[in-house]
Amino acid sequence: SSPDDVVAAAARARVAQRAWAARTIDDRAQVMLRLHDLVLDARDDLMDLIQAENGKSRRDAYLEVADIAITCRYYARTAASVLAPSGRTGLIPGLTSVQELRHPKGVVTVISPWNYPLSLAAGDSIPALLAGNAVVQKADNQTALTALHALDLARRAGVPEDLWQIVLGRGSNIGDQLLDAADYVMFTGSTESGRRIAQEAG
């Protein structure tokens, strides 16, 4: 992807996020429950991709498939309670009350590594999506097919076309655009890159 591709992907994701956030939590959860079933149905293809791109044993590849299925189910089942408004004690107890509300961040940039190509690609995107956000993700180039297959399954489950975007390329080429587009950043990778991203985010 070029820097312009990242900017365009983020713009499409931002538009899609507004409609997605307006849907009910239960509606978004139903999408993730469908994704749970699709991931388990596609387990052989997913394991083949993980093994081909990453070199993991079949058992370790299956652990990633199971992880994503469990992640979908867990967040689908807990999202309503986790995202519900919660009461807090007001400034003057008994006379005032406070409600804590949770709002989507907007566009979440996910930068995922090669070593857990499914768990860290889809696993970090699922809770962001369920909370009403859009995701623009830079998957590692070495394991891009696994991440792209997860994206295809998510779209088949009902994730809107532009809501979750995957871009590919070197961080040195598209990293600035990824960070500029983000309202929130999820990064797994080297300490050096993490420090730079934290500095930029700060």
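Residues numbered from 1 in each chain as written. Predicted model: local features only at pLDDT ≥ 70, side-chain atom pairs only at ≥ 80, totals over all residues. Heavy atoms only, no water.

A. Representation of a nonpolar patch on the surface. A cluster of nonpolar side chains, contributed by Ile 70, Tyr 74 and Tyr 75, occupies part of the molecular surface with about 320 Å² of accessible area. Examined against the element boundaries, Tyr 75 turns out to sit in helix α4 (residues 58-83). (Patch = residues over 30% accessible without salt bridge, like charges linked within 9 Å, V, L, I, M, F, W, Y side chains within 5 Å. Areas by Shrake-Rupley, 256 points an atom, 1.4 Å probe, with all protein chains shown as cover. Salt bridge = Lys/Arg side-chain N within 4 Å of Asp/Glu carboxyl O. Helix = DSSP H or I, 4+ residues; strand = E, 2+ residues; numbered from the N terminus.)

B. Examining the sheet that holds strand β3 (residues 107-111) more closely. With parallel pairing, the four strands of this open sheet are ordered in space as β5-β4-β3-β6. Edge strands, defined here as strands with exactly one partner in the open sheet, are β5 (164-167) and β6 (184-187). This sheet shows a mean twist of 20° between the axes of neighbouring strands, independent of strand direction. Of the strand pairs in this sheet, β3 and strand β4 (residues 134-138) are connected by five bridges, and their pairing is parallel. Following the sheet pairing, Ile 111 is matched in β4 by Lys 138. (Pairing = 2+ DSSP bridges. Axes fitted to C-alpha atoms, helices over the stretch in contact; angles between N-to-C directions.)

C. Molecular detail of the confidence of the model for the protein. Of the residues in the protein, 100% reach a pLDDT of 70 or more, and the chain-wide mean stands at 95. Helix α2 (residues 25-41) holds the highest mean pLDDT among the elements of the protein, 98, whereas helix α8 (residues 191-201) holds the lowest, 87. (pLDDT = per-residue confidence, 0-100.)

D. Summary view of helix α5 (residues 119-130). For α5, which comprises 12 residues, the first-to-last C-alpha distance of 16 Å matches the rise-based estimate of 16 Å (1.5 Å per residue) to within 8%. The buried count for α5 comes to 11 of 12 residues, which makes it a mostly enclosed element. The positive-phi residue at the C-terminal boundary of α5 is Gly 132, with phi of around 100°. (Expected span 1.5 Å × (residues − 1). Buried < 20%, exposed > 50% of the residue type's maximum accessible area, 1.4 Å probe, protein only.)

E. Representation of the packing of aromatic side chains within the structure. Scanning the entire structure with this criterion turns up one aromatic pair. Between Tyr 74 and Tyr 75, the ring centres sit 5.1 Å apart and the planes meet at 80°, which makes this aromatic pair edge-to-face. The exposure class of Tyr 74 is partly exposed, given its relative accessible area of 48%. Given a relative accessible area of 31%, Tyr 75 falls into the partly exposed group. Positioned over the ring face of Tyr 116 is Lys 56, at 3.6 Å from the centre of the ring. (Phe/Tyr/Trp six-rings, centres within 6.5 Å; stacked < 30°, edge-to-face > 60°. Lys NZ or Arg CZ within 6 Å of the ring centre and 35° of its normal.)

F. Region of interest: the pairing of β3. With five of five residues buried, β3 lies mostly within the body of the structure. Neither face of β3 is open: one carries Val 107, Thr 109 and Ile 111, the other Val 108 and Val 110, and all of them are buried. On the question of chirality, the crossover connecting β3 to the parallel β4 by way of α5 is right-handed. When β3 meets β6, the two strands line up parallel, connected through four bridges. Bridge pairing in β6 places Thr 109 opposite Val 185. (Right-handed = clockwise from strand over helix to strand, strands pointing away.)

G. Expanded view of the packing of helix α1 (residues 3-22) against helix α7 (residues 171-181). In contact at an axis separation of 8 Å, α1 and α7 are set at 20° when each is read in the N-to-C sense. As summarised for this structure, α1 and α7 are arranged roughly parallel, according to the angle between their axes. In terms of crossing hand, the pair formed by α1 and α7 is right-handed. Of the residues in α7, those touching α1 at Pro 3, Val 6, Val 7, Ala 10 and Arg 14 are Asn 173, Ile 174, Gln 177, Leu 178 and Ala 181. Along the lines of polarity and charge, the residues of the contact of α1 with α7 split into seven nonpolar, two polar and one charged. (Parallel < 35°, antiparallel > 145°, perpendicular 65-115°, else oblique. Left-handed = near helix turned anticlockwise from the far one by under 90°. Contact = heavy atoms within 4.5 Å. Nonpolar A, V, L, I, M, F, W, Y, C, P; charged D, E, K, R; others polar.)

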